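Residue-level listing of the chains:
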Amino acid sequence: MQFFGGSEISPLPPLPTASGNNAHMMYVFNRNGVCLLYREWNRPLRTLNAQQDHKLMFGLLFSLKSLTAKMDPTSVEKGNLGVPQLPGQGCSFHSFRTNTYKLSFMESPSGIKIILVTHPGTGDLRESLKYIYNLYVEYVVKNPLYSPGTPFRSELFDKALDQYVRGLG
């Protein structure tokens, strides 16, 4: 079942915007900030331990979501900066780029957050993030042994994810 349009995972994922493995790392968080999965493909420099890294990334997402909601020019009710927004509520962001990386972000209706950090020249990854989310649903959520909201390991998910991410540009 596909949760973002269509009814099944397509046998052919969305086409990458270029060739080569430009993905550096990926995070999957639940709505409470628990890191469910962290994958690394091409990260030449490690500066923090894993727990600090996860907290920093979730804090960045929380702050960016709060800031975009506060600056939303279409919303009359601005709320307080730092107040959590529900998935799909208010203004949202999809990505930002620096001179060394591009961070792409997607939040599902259930509050699952997927973050993919890639080379700065990578194009729009919204469809790719939806495809990765659908892999997560198929291989992790539908597994009867999986306890929702907890970190996971799935060989089938890892294999499908690695195969797909190798083609991202």
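Think of each chain on its own: its residues are numbered from 1, step by step along the sequence as written. Note on the predicted model: pLDDT of at least 70 is required for a residue's local features to be given, and 80 or more for side-chain atom pairs to be given and counted; whole-chain, interface and lining totals, by contrast, use all residues. Excluded from the side-chain calculation are hydrogens and water; included are all heavy atoms of the structure.

(A) Spotlight on the packing of aromatic side chains. Pairing of aromatic side chains requires ring centres within 6.5 Å, counting the rings of Phe and Tyr and the six-membered ring of Trp. Pairs whose planes differ by under 30 degrees are stacked, by over 60 edge-to-face, and all others tilted. Considering all chains together, one arrives at ten aromatic pairs under this definition. Residues tyrosine 27 and tyrosine 38 carry aromatic rings whose centres are separated by 4.9 Å and whose planes lie at 50° to one another, so their mutual orientation is tilted. Within this pair, whereas tyrosine 27 is found in strand E1 (residues 23-29), its partner tyrosine 38 is found in strand E2 (residues 35-40), the two being separated by eleven residues in sequence. Considered together, tyrosine 27 and tyrosine 38 belong to a single accessibility category, that of buried residues. Ring geometry for phenylalanine 93 and phenylalanine 105: centres 5.0 Å apart, planes at 15°, overall stacked. With a gap of twelve residues between them, phenylalanine 93 in the loop between helix H1 (50-71) and strand E3 (95-97) and phenylalanine 105 in strand E4 (residues 102-107) connect regions that are remote in the sequence. Each member of the pair, phenylalanine 93 as well as phenylalanine 105, carries the same accessibility label: buried. Chaining the aromatic ring pairs together yields one cluster made of Tyr133, Tyr136, Tyr146, Phe152 and Phe157. By the criteria applied, helices consist of DSSP H or I runs no shorter than four residues and strands consist of E runs no shorter than two, each listed in order from the N terminus. Each residue is assigned to one of three classes by its accessible area relative to the maximum for its type, calculated with a 1.4 Å probe on protein chains only: buried under 20%, partly exposed between the two thresholds, exposed over 50%.

(B) View of the pattern of salt bridges. Whenever Lys or Arg places a side-chain nitrogen within 4 Å of a carboxyl oxygen from Asp or Glu, that contact is recorded as a salt bridge. Counted according to the given criterion, the structure contains eight salt bridges. Here glutamate 107 and lysine 65 are joined by a salt bridge, their closest N and O atoms 2.6 Å apart. With glutamate 107 in strand E4 and lysine 65 in helix H1, the pair connects residues that are 42 residues apart, well separated along the chain. Salt-bridge contacts for glutamate 107 lead to lysine 113; the nearest nitrogen and oxygen are separated by 3.1 Å. The pair formed by glutamate 107 and lysine 113 is uniform in burial state, with each residue classed as buried. Three or more residues joined by partner-sharing salt bridges are found here, namely Arg39, Arg153, Asp158 and Asp162.

(C) Molecular detail of the nonpolar core. Judged by nonpolar contacts, the single largest core of 25 residues is most densely connected at Met26, Ile114, Tyr136, Phe152 and Phe157. Ranked by residue count, the leading element in this core is helix H2 (residues 126-141), at eight residues. The contact criterion used throughout is that any non-hydrogen atoms of two residues lie within 4.5 Å. Not counting residues up to four positions away in its chain, the partners in contact with phenylalanine 157 are Met26, Leu37, Ile132, Leu135, Tyr136, Tyr139, Val140 and Phe152. Ranked by size, the runner-up nonpolar core spans 13 residues in total, among them Tyr27, Leu103, Phe105 and Ile115. We call a set of buried residues a nonpolar core when its members are Ala, Val, Leu, Ile, Met, Phe, Trp, Tyr or Cys and they connect through side-chain atoms within 4.5 Å of each other.

(D) Region of interest: H1. Here, expected helix span is obtained from the residue count minus one, scaled by 1.5 Å. Its 22 residues place the ends of H1 32 Å apart at the C-alpha level, agreeing with the 32 Å of an ideal helix rising 1.5 Å per residue. Among all positions in H1, only Asp53, His54, Met57, Phe58, Leu61, Lys65, Ser66, Thr68 and Ala69 are buried. For H1, the secondary structure elements touched by its buried residues are E1, E2, E4 and strand E5 (113-118). Put simply, asparagine 49 is the residue that caps the front of H1, since its side-chain oxygen is 3.1 Å from the backbone nitrogen of glutamine 51. Here a polar contact means two N or O atoms within 3.5 Å. Within protein one must be a hydrogen donor candidate and the other an acceptor candidate, and residues neighboring in sequence count only if both atoms are side-chain atoms.

(E) Quick peek at helix H3 (residues 155-165). For H3, the complete set of buried residues consists of Phe157, Asp158, Ala160, Leu161, Asp162, Tyr164 and Val165. For H3, the elements touching its buried residues are E1, E2 and H2.

(F) Layout of the side chain of lysine 102. On the secondary structure map, lysine 102 appears in strand E4. The side chain of lysine 102 sits in the buried core without any salt bridge; aspartate 124 is the nearest counter-charge, 5.4 Å away. One polar contact links the side chain of lysine 102 to the main-chain carbonyl oxygen of glycine 123, over a distance of 2.6 Å. Residues within four places of lysine 102 in sequence aside, it is in contact with Ser95, Phe96, Arg97, Leu116, Val117, Thr118, His119, Pro120, Thr122, Gly123 and Asp124. Within this scheme the basic residues Lys and Arg register as positive and the acidic residues Asp and Glu register as negative, but His and the chain ends are omitted.

(G) Local environment of the side chain of serine 154. Along the chain, serine 154 turns up in the loop between H2 and H3. Within polar-contact distance, the side chain of serine 154 engages the backbone nitrogen of phenylalanine 157 at 3.2 Å. Residue contacts for serine 154: discarding those within four places in its chain leaves Tyr139 and Val140.

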